[in-house]
Amino acid sequence: MQSSGHRFRDVEHHPLLAENDSYDSSSSEADMAERVWFIRDGCGMVCAIMTWLLVVYADFVVTFVMLLPSKDFWYSVINGVLFNCLAVLALSSHLRTMLTDPVSMRLRLSLCEVRAGLEELGAVPKGNATKEYMDNLQLKPGEVIYKCPKCCSIKPERAHHCSICKRCIRKMDHHCPWVNNCVGEKNQRFFVLFTMYIALISAHALILCGFQFFSCVRGQWTECSDFSPPVTVILMIFLCLEGFLFLTFTAVMFGTQIHSICNDETEIERLKSEKPTWERRLRWEGMKSVFGGQPSLLWINPFAGFRIRRLLLRAKKGGPEFSV
């Protein structure tokens, strides 16, 4: 390991943060929320759009092919409300995962907060490892800090560089193209909710398909749908395939995420067999650190912490600014 002094000599200036720029801790959270986190990656955007289209397709088949033609009013109402509520929660969780800025809560740190604050970062601000900035940290002799050579950032513990996001992400689990974002410390909760709700609507769609096939066969495909029998069969077969694939994938992802949270170990740390140098938060302590506070309905609410007032402020000031 190099000494801190040696690291000062190795630092290169980065255009995103000039030497006279500083991290102003007096900025309010509203100012920090002006920026919207969005990864402009072609593959990720295509996958995210496909996710929405597949959920909309499932909702269309369930609502217009299976429920509305049903003669049982309460069967249609209860299942329609349940499926659409789960779909809204799933898509909301997807949006929160995709658009959550992992660094928005602590984008700017005062110099005296850096060493304590690095542990609280999600995505690390690019270009903060300038020579003047690190000189102002007043490090003790022999004290070592790490710099990522790819994004020119001071690298906190448990951070890994993402080549797609082009910056270091603290507690990075993996980069998921389906949400067009890294799954890290600040948005892991929303990703877990996304996988859970997608698994639930997939299971619900498969159950409804089973009942619908049974009803159509018993009625000889005469009054089970407003569509012709061939079209109905094709739509339901595609929905069954979609539901089975999504249920399998999201259920596995949900299980691995809960396992990682309970063991306080990300997927990257597990694959690299990294020995923990941090104090692990196991089981319920890990769950509370990710979902926040004691178990409550807020744990399964993707709208928790969402403030409409901030969106209105952005609209008045000319819209959001994309960070990547």
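As annotated in an unreviewed UniProt entry, the protein carries the name Palmitoyltransferase and is attributed to Strix occidentalis caurina. The UniProt entry for the protein carries the following text under Sequence similarities (unreviewed entry): "Belongs to the DHHC palmitoyltransferase family." Regarding the protein, the relevant UniProt record gives this comment under Subcellular location (unreviewed entry): "Membrane".

Trainee: Would you mind going over helix α7 (residues 188–218) with me for this structure?
Mentor: Because each turn of an α-helix spans 3.6 residues, side chains separated by three or four positions in sequence point in the same direction. The end-to-end C-alpha separation of α7 is 45 Å, in line with the 45 Å expected for 31 residues at 1.5 Å each. Positive backbone phi, at 55 degrees, marks Gln220, one or two positions downstream of α7.

Trainee: Please clarify how the packing of aromatic side chains should be interpreted in this entry.
Mentor: Within a pair of aromatic rings, the relevant descriptors are the distance that separates the centres and the angle that separates the planes. Across all of its chains, the model carries six aromatic pairs by this definition. With 5.9 Å between their ring centres and 40 degrees between their planes, Trp284 and Trp299 make a pair best called tilted. Taken together, the positions of Trp284 in helix α10 (residues 284–291) and Trp299 in the loop between α10 and α11 (308–316) put the pair 15 residues apart, joining distant regions of the chain. Exposure remark for Trp299: the relative accessible area of 8% places this residue in the buried category. Each ring, one from Phe291 and one from Trp299, has its centre 5.3 Å from the other, and the planes form 25 degrees; the classification is stacked.

Trainee: How should the UniProt feature "transmembrane region" (unreviewed entry) in the protein be read in this particular structure?
Mentor: Under the present numbering, the feature "transmembrane region" (unreviewed entry) in UniProt falls on residues 42–67, 73–91, 190–213 and 233–254. End-to-end, the C-alpha atoms of residues 42–67 are 36 Å apart, and along that stretch the chain is 100% helix and 0% strand. From the first C-alpha to the last, residues 233–254 spans 31 Å; its make-up is 100% helix and 0% strand.

Trainee: I would appreciate a short explanation of the nonpolar core in the present structure.
Mentor: Note that soluble globular proteins tend to have their nonpolar side chains buried in a common cluster. If you look at the biggest cluster of nonpolar residues, it comprises 35 residues, and the most contacted ones within it are Val62, Met66, Phe191, Ile198, Leu239 and Phe291. Within the residue set of this core, elements represented by two or more residues are α3 (42–67), α4 (73–99), α7, α8 (229–263) and α10. If we skip the residues at most four places from it in the chain, Leu239 touches Tyr57, Ala58, Val61, Val62, Met66, Ala205 and Cys209. Counting residues in hydrophobic clusters, the runner-up holds eight residues, among them Ile39, Cys165, Ile169 and Cys182.

Trainee: Just checking my understanding: could you explain the pattern of salt bridges for this structure?
Mentor: One pass over the full model with this rule turns up four salt bridges. The partner of Arg270 in a salt bridge is Glu267, with the nearest N and O atoms 2.5 Å apart. In this pair, Arg270 and Glu267 are both assigned in helix α9 (residues 267–271), three residues apart and thus about one turn of the helix distant.

Trainee: I would appreciate a short explanation of the environment of Phe227 in the present structure.
Mentor: Of note, Phe227 is situated in the loop between α7 and α8. Sequence spacing of Phe227 and Phe64 is 163 residues, and the spatial spacing of their C-alpha atoms is 9.1 Å. Sequence-distant contacts of Phe227, that is, excluding residues within four places in its chain, are made with Phe60, Phe64, Val65 and Thr232.

Trainee: Would you mind going over the side chain of His160 with me for this structure?
Mentor: Along the chain, His160 falls in strand β4 (residues 159–162). His160 sits in the buried class, given a relative accessible area of 9%.

Trainee: Honestly, unusual backbone geometry in this entry has me stumped. Any pointers?
Mentor: In terms of backbone geometry, most residues other than glycine have negative phi values and most peptide bonds are trans. Of note in the backbone geometry, Asn180 takes a positive phi value of approximately 50 degrees without being a glycine. Looking at where Asn180 falls in the secondary structure, it is placed in the loop between β6 (174–176) and β7 (181–183). On the accessibility criterion, Asn180 (0% relative accessible area) is buried.

Trainee: I'm lost on α8 in this one. Help?
Mentor: End to end, α8 covers 50 Å across 35 residues, agreeing with the expected 51 Å (1.5 Å per residue, within 8%). Buried residues of α8: Thr232, Leu235, Met236, Leu239, Glu242, Gly243, Phe246, Thr250, Met253, Gln257, Ser260 and Ile261, and no others. Taken together, the buried residues of α8 touch α3, β6, β7, α7, α9 and α10. Phi for Asp264, located one or two positions after α8, is positive at around 50 degrees.

Reading the values: the criteria
Residues numbered from 1 in each chain as written. Predicted model: local features only at pLDDT ≥ 70, side-chain atom pairs only at ≥ 80, totals over all residues. Heavy atoms only, no water. UniProt positions renumbered as here; feature names shortened; annotations may be inferred. Helix = DSSP H or I, 4+ residues; strand = E, 2+ residues; numbered from the N terminus. Expected span 1.5 Å × (residues − 1). Phe/Tyr/Trp six-rings, centres within 6.5 Å; stacked < 30°, edge-to-face > 60°. Buried < 20%, exposed > 50% of the residue type's maximum accessible area, 1.4 Å probe, protein only. Core = buried A, V, L, I, M, F, W, Y, C linked by side-chain atoms within 4.5 Å. Contact = heavy atoms within 4.5 Å. Salt bridge = Lys/Arg side-chain N within 4 Å of Asp/Glu carboxyl O.

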